[in-house]
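So the chains spell out like this:
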Amino acid sequence: MSLVPNLPPSLKPIQDFLVKAKQFEKVDPVVSHFCKVYALEKGLQVRDKNDKSTIEFLMPMMDELEKNKAEYGKVENPKMQVELCALKVFQKADDAYYGGKADLSTVKAFRAANTLMDVCRQWGDLESDIQEKYLYAKVKAAEIFKAHQEGRVAMPPQPEEIEEIPMAPPPADEDDGPPPPPPDYPPPPDMVDPPSAPDAGADDLAMHFPPPPSSMPPPPSDLPDLPSVPPSVPPSAPPPVNSGSPPPVVAMPVAPAPAPAPAAVPRAAVPSYGASKTRSQISTNDMVLAEKNTKFALSALQFDDVDEAVKNLKSALKLLTQ
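Now for a description of the structure that goes with this document. (Residues numbered from 1 in each chain as written. Predicted model: local features only at pLDDT ≥ 70, side-chain atom pairs only at ≥ 80, totals over all residues. Heavy atoms only, no water.)

### A look at the environment of Lys88
No. 1: Mapped onto the secondary structure, Lys88 falls in helix 4 (residues 78–98).
No. 2: Remark: the alpha-carbon pair of Lys88 and Leu289, spanning 201 residues in sequence, is separated by 9.2 Å.
No. 3: Residue contacts for Lys88: discarding those within four places in its chain leaves Thr284 and Val288. (Helix = DSSP H or I, 4+ residues; strand = E, 2+ residues; numbered from the N terminus. Contact = heavy atoms within 4.5 Å.)

### With respect to the pattern of salt bridges
No. 1: Per the stated rule, a full pass over the model turns up seven salt bridges.
No. 2: Here Glu143 makes a salt bridge to Lys140, at a shortest N to O gap of 3.3 Å. With a gap of three residues between them, Glu143 and Lys140 both fall in helix 6 (residues 128–149), about one helical turn apart.
No. 3: Each of Lys22, Glu25, Lys36 and Glu64 takes part in salt bridges that share partners, so that together they form one network. (Salt bridge = Lys/Arg side-chain N within 4 Å of Asp/Glu carboxyl O.)

### What about the packing of aromatic side chains?
No. 1: What the rule picks out here adds up to six aromatic pairs.
No. 2: A centroid spacing of 5.3 Å and a plane angle of 80 degrees characterise the contact between Tyr97 and Tyr98, whose relative ring orientation is edge-to-face.
No. 3: A relative accessible area of 0% means that Tyr97 is categorised as buried.
No. 4: Ring geometry for Phe110 versus Tyr136: centroids 6.2 Å apart, planes at 75 degrees, classification edge-to-face. With a gap of 26 residues between them, Phe110 in helix 5 (residues 104–119) and Tyr136 in helix 6 connect regions that are remote in the sequence. (Phe/Tyr/Trp six-rings, centres within 6.5 Å; stacked < 30°, edge-to-face > 60°. Buried < 20%, exposed > 50% of the residue type's maximum accessible area, 1.4 Å probe, protein only.)

So yeah, pure geometry; function would need other evidence.
This is the structure:
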């Protein structure tokens, strides 16, 4: 018996999409609308062209969809809305399965999630994570249905025991004694202390740096008059002493100036989030909202809206952490 009245035999592949459209007509009109859109696309592909009843069945659907399109206007990101609805149904079924309460209603929920994920194919291939959930839901629906027919409850697999990884043994020579001292390599040239000047006696210092005379002797009478000192020379500066040859200059080492310490750069404040919750601590509603915020963040990045992306990611983290 067909769940859709007057459904031609060649259009049976679109039956599930029409059933879901009817179920979501009041709950979520947008999801219902796009279930019908996908049903129409598939119907035009699979219909028997020699059967006039197929086009008679599809034509009223076309008129209804055109009317709904004018009523809803441009729907913002319809793919995300249908995906979120599918994930919510999927999560409800998976929670029942892992809670040991899987029954025929769980089978229907997994199959409904499959149908809604199929509807998303009208926008292209399914993303990898949605494709994995699609296959998982199909397998679990068949597994739970088989268990119900056998009079038992399908139970989730038990977590496998984690094998303890042996620690690597310490090296054989680790306990033989203290480690050998590092090799005595010569330090680099720039780390060697500069040679200090040899100790100089009082006589040598006097020879190299003669003290200024306390008083100038009177010039001999037979020497010509010396020119007067220009005003630019300070009167207190002693006149140079001509000793015949300039005294040797001792090169004193100059210690290099220490490099300035780099200025401390203040670290940006990082928001602190608690430890992540376990799967059992996250409600179905919080899980769906976290996935929704994450997808909104990705959508915002496509429009270069960084502030909106950060806001949605923070909201998702708060739902998944303690």
